[in-house]
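Analysis of the macromolecular model
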Amino acid sequence: MTVNLEVAEGVGTLRLDRPPMNALDVATQDRLKELAEEATRRDDVRAVVLYGGEKVFAAGADIKEMQVMDHTAMVLRSRALQESFTAVARIPKPVVAAVTGYALGGGCELALCADYRIAAEDAKLGQPEILLGLIPGAGGTQRLARLIGPSRAKDLIFTGRMVKADEALSLGLVDRVVPAGEVYAQAHAWAAKLAQGPALALRAAKEAVDTGLETDIETGLAVERTWFAGLFATEDRERGMRSFVAEGPGKAKFL
């Protein structure tokens, strides 16, 4: 399999496994969608790590496969391409990308689907599609601009240049830079901590933020208000408030 889902201690690791560079061919895209939907359904998966291994996250699409595709073929394929990445972005649980080596093109777009990105000190990220006479097609023009702002996103997309981890951090493209050997461990620790939290509240927080970014503030506030009130019907809310009153903040156990 080109993508695997490994679950331990509430954390599901979506592991790309297509050496040497984890090129995202059609089969890998379809498998990614399948496993993202499985991670969404499974109650034993409470947080997710996206990982490509110690050497590379994902170097992009399979260019040899794409080269033989004409306009008609890509019209038919492009929606499925986007849907595979959207399935990752819509996992209603905390998702962290553990970025090692290269995260280029589709690899960068996959990292953009995470809620948080931890990168190795030697990682390189970018959207080089313009150098092929193309633009990003798996969400890069949309998610990148929403994450780092339109002018910074246009710089990366227009030039196709790669950025090193330190610049990616300054741009807001990644959230933490760590030694290469610590990337997965720190990403897993981030996910494992949240896997112990209130699942419905985390889901609500993610949906409220993501929906708000895609709409006007009044609609976003309505979504927030609905989720906020709805959580008062949950056992986790009762447990959290009871613990706060009895023991003080941060002591509640949600599992």
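For the structure given in this document, a descriptive report is provided here. Fair warning: this is a prediction, and the values are worked out from it, not measured in the lab.

Reading guide: rules and limits
Counting of residues starts from 1 at the beginning of each chain's written sequence and follows it residue by residue. Local features in this predicted model are restricted to residues whose pLDDT is 70 or higher, and side-chain atom pairs enter the listing and the counts only when it is 80 or higher, whereas totals over whole chains, interfaces and linings include all residues. Excluding hydrogens and water, the side-chain values take into account all heavy atoms of the structure. Only DSSP runs of H or I covering at least 4 residues are called helices, and only runs of E covering at least 2 are called strands; the numbering of each starts at the N terminus. One fewer than the residue count of a helix, multiplied by 1.5 Å, yields its expected span. Note on classification: 1.4 Å probe, protein chains only; a residue is buried when its accessible area is under 20% of the maximum for its type, exposed when over 50%, partly exposed between these limits. Read the arc as the range of directions from the helix axis to the C-beta atoms. Contacts were defined at the residue level, with two residues in contact if any of their heavy atoms lie within 4.5 Å. Any two strands between which DSSP finds at least two bridges are classified as paired. Note on method: axes are straight lines fitted to C-alpha atoms, helices fitted across the in-contact stretch only, with angles between N-to-C directions ranging 0 to 180 degrees. Any two rings among Phe, Tyr and Trp, with Trp reduced to its six-membered ring, count as a pair given centres within 6.5 Å; such a pair is stacked if its planes are under 30 degrees apart, edge-to-face if over 60, and tilted if neither. Given a residue, its bend is the angle between the two axes fitted to the seven residues that end at it and to the seven that start from it. We count a salt bridge whenever a side-chain nitrogen from Lys or Arg sits within 4 Å of a carboxyl oxygen from Asp or Glu. Patches were defined on residues exceeding 30% relative accessible area and lacking a salt bridge, with like-charge contacts within 9 Å and nonpolar side-chain contacts (Val, Leu, Ile, Met, Phe, Trp, Tyr) within 5 Å. Calculation of accessible area relied on Shrake-Rupley with a 1.4 Å probe; when residues are assessed, cover is drawn exclusively from the protein chains displayed. Throughout this description, any angle smaller than 35 degrees is read as roughly parallel, any larger than 145 degrees as roughly antiparallel, any in the 65 to 115 degree range as roughly perpendicular, and the remainder as oblique. Residues are sorted three ways: Asp, Glu, Lys and Arg are charged, Ala, Val, Leu, Ile, Met, Phe, Trp, Tyr, Cys and Pro are nonpolar, and all the rest, Gly among them, are polar.

**Describing helix α11 (residues 235–247)**
An α-helical turn contains 3.6 residues, so a residue and the one three or four places further along point in the same direction. The end-to-end C-alpha separation of α11 is 18 Å, in line with the 18 Å expected for 13 residues at 1.5 Å each. If you check which residues of α11 are buried, you get D236, R239, G240 and S243. Looking straight down α11, one finds its buried side chains confined to an arc of 95°; they lie on one side. Pointing more than 90 degrees away from the buried face of α11 are the exposed residues R242, V245 and A246. In this structure, the buried side of α11 is in contact with α9 (199–213). Following α11 by one or two positions, G248 adopts a phi angle in the positive range, close to 95°.

**Topic: the sheet that holds strand β5 (residues 102–104)**
Backbone hydrogen bonds are what pair the strands of a sheet, in a parallel or an antiparallel way. With respect to topology, three strands assemble into an open sheet ordered β5-β7-β8, the strand pairing being mixed. Edge positions in the open sheet fall to β5 and β8 (162–164), since each of these has one partner strand only. Direction aside, the axes of adjacent strands within the sheet are offset by 20° on average. Pairing geometry for β5 and strand β7 (residues 124–126), over three bridges, is parallel. Each bridged residue has a counterpart across the sheet, and for A103 the counterpart in β7 is L125.

**Some words on the environment of D175**
Along the chain, D175 turns up in the loop between α7 (165–171) and β9 (176–178). Separated by 137 residues in the primary sequence, D175 and E38 have C-alpha atoms spaced 27 Å apart. With sequence-adjacent residues up to four places away left out, D175 is seen in contact with Y116, R117 and L169.

**Regarding the packing of aromatic side chains**
Applying the stated criterion to the full structure yields three aromatic pairs. With centroids separated by 4.6 Å and ring planes inclined at 35°, the aromatic side chains of Y51 and Y184 adopt a geometry described as tilted. Taken as a pair, Y51 in strand β3 (residues 47–51) and Y184 in helix α8 (residues 183–195) lie far apart in primary sequence, 133 residues in all. Its relative accessible area of 10% is what places Y51 among the buried residues. Given the relative accessible area of 26%, Y184 is considered partly exposed.

**Re helix α3 (residues 71–89)**
The terminal C-alpha atoms of α3 lie 27 Å apart, and with 19 residues this matches the ideal 27 Å at 1.5 Å per residue to within 8%. Of all the bends in α3, the greatest measures close to 35° and is centred on R77. Buried residues of α3: R77, L81, S84, F85, T86, A87, V88 and A89, and no others. Buried residues in α3 make contact with α1 (26–41), β3, α4 (106–112), α5 (140–148) and α9.

**A word on the pattern of salt bridges**
Two side chains with opposite charge may pair up if their charged atoms get near one another. Under the defined criterion, the tally for this structure stands at twelve salt bridges. For E37, the salt bridge is made with K33, and the minimal N-O distance between the two is 2.8 Å. Of this pair, E37 and K33 are both found in helix α1, four residues apart, which corresponds to roughly one turn of the helix. For K206, the salt bridge identified is with D115, shortest N-O distance 3.0 Å. You can see K206 sitting in helix α9 and its partner D115 sitting in the loop between α4 and β6 (116–120), a full 91 residues away along the chain.

**Side note on a nonpolar patch on the surface**
Together, M21, Y102 and M162 line one region of the surface with nonpolar side chains, adding up to about 250 Å² of accessible area. Position of M21 relative to the elements: it lies in the loop between β2 (11–16) and α1. By relative accessible area, which is 34% here, M21 ends up partly exposed.

**Brief notes about the packing of α9 against helix α10 (residues 217–230)**
Put simply, α9 and α10 touch, their axes get as near as 8 Å, and they point 170° apart. Taken together, the axes of α9 and α10 are roughly antiparallel relative to one another. Here L200, R203, A204, E207, A208, T211 and G212 of α9 lie close against α10, whose contacting residues are G220, V223, E224 and W227. Residue composition of the contact of α9 with α10, grouped by class: five nonpolar, three polar and three charged.

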